[in-house]
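Structure at a glance
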Amino acid sequence: MEATTTSPPPTVVPAATSSPVPKGPVAFTFADGRLSFAYPEGWSVKHEQVSASPAVETATVYNASGKEQINIYYSQVGDATAGPGTRNVVETDPVPGLTGASVPTPHSSFFVDRTESGAQYRMGLTPGLPVSPEGQVQYGLVKLGDRILSADVLFTEPRFEGDEAAQIWYWSDEGRALKSVLMSFSYR
């Protein structure tokens, strides 16, 4: 008689692109009706239509305690800047709701830029990968139709004592909630 062994059921490990969607997300849609995103229940959005022609809109996402978390700029006018330095990417994932709306596909990215003045941790939407396959630091705004978009998490104080502390924060409830907002952007 042969002995049979049973394997434990396989463990399901979520992919790196899966972010927990906060309970009861609330949708926000910009004035043109094309761009939207979701934020956790209990959080809020302050929206301002700065100009109708050319279209310029801003939105600030606040957490449940009223702290500014994400600044969003959506407009028909914009400017991009670049600077020297190196970039180390903690994580970057394509945003499903923006796939096909912009080339390259926008990503939700968390990275650190290092310059002579020190390290600056950044999290937000990037136009494609934050570092090209050739190793070049990518700068620019996300282009959607006749508009541009930027969405950046606000790190207003010296936030992290180093890369390890930044990674621990990124995988915390707060970091995952902010990523879920960035991953929820959709354009139709």
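What comes next is a walk through the structure. (Residues numbered from 1 in each chain as written. Predicted model: local features only at pLDDT ≥ 70, side-chain atom pairs only at ≥ 80, totals over all residues. Heavy atoms only, no water.)

Some remarks on the sheet that holds strand β2 (residues 35-39)
Overall, antiparallel pairing links the three strands, which are arranged β1-β2-β11 in an open sheet. A single partner strand is all that each edge strand has here, and the edge strands are β1 (26-29) and β11 (186-187). (Pairing = 2+ DSSP bridges. Helix = DSSP H or I, 4+ residues; strand = E, 2+ residues; numbered from the N terminus.)

Describing the packing of aromatic side chains
Tallied over the entire structure, the rule returns 15 aromatic pairs. On the numbers, 5.7 Å between centres and 55 degrees between planes, the contact of Phe 110 with Trp 169 is tilted. Placement of the pair is Phe 110 in strand β7 (residues 107-115) and Trp 169 in helix α1 (residues 163-170), with a sequence separation of 59 residues. Each member of the aromatic cluster is reached from another via a ring pair, and the members are Phe 110, Tyr 121, Phe 155, Phe 160, Trp 169, Tyr 170 and Trp 171. (Phe/Tyr/Trp six-rings, centres within 6.5 Å; stacked < 30°, edge-to-face > 60°.)

A few points about the nonpolar core
Formed by 35 residues in total, the largest nonpolar core has its most connected members in Ile 72 and Phe 185. Sort the elements by how many residues they give to this core and helix α2 (residues 173-183) lands first, with five residues. (Core = buried A, V, L, I, M, F, W, Y, C linked by side-chain atoms within 4.5 Å. Buried < 20%, exposed > 50% of the residue type's maximum accessible area, 1.4 Å probe, protein only.)

Looking at unusual backbone geometry
The residue after Ser 53, namely Pro 54, is reached through a cis peptide bond having omega 0 degrees. By the element assignment, Pro 54 lies in the loop between β3 (44-52) and β4 (55-62). That bond from Val 103 to Pro 104 is cis: its omega, 0 degrees, falls within 30 degrees of zero.

Topic: α2
Most of α2 sits out of view: nine of its 11 residues are buried. Among the residues of α2, Gly 175, Arg 176, Ala 177, Leu 178, Lys 179, Ser 180, Val 181, Leu 182 and Met 183 are the ones counted as buried.

Thoughts on the pairing of strand β8 (residues 118-126)
Where β7 and β8 come together, nine bridges link them in antiparallel fashion. By the bridge assignment for β8, His 107 is matched with Thr 126. Taken together, β7 and the strand that follows it, β8, pair antiparallel across an intervening segment of two residues.

Nothing here speaks to function; it is geometry throughout.
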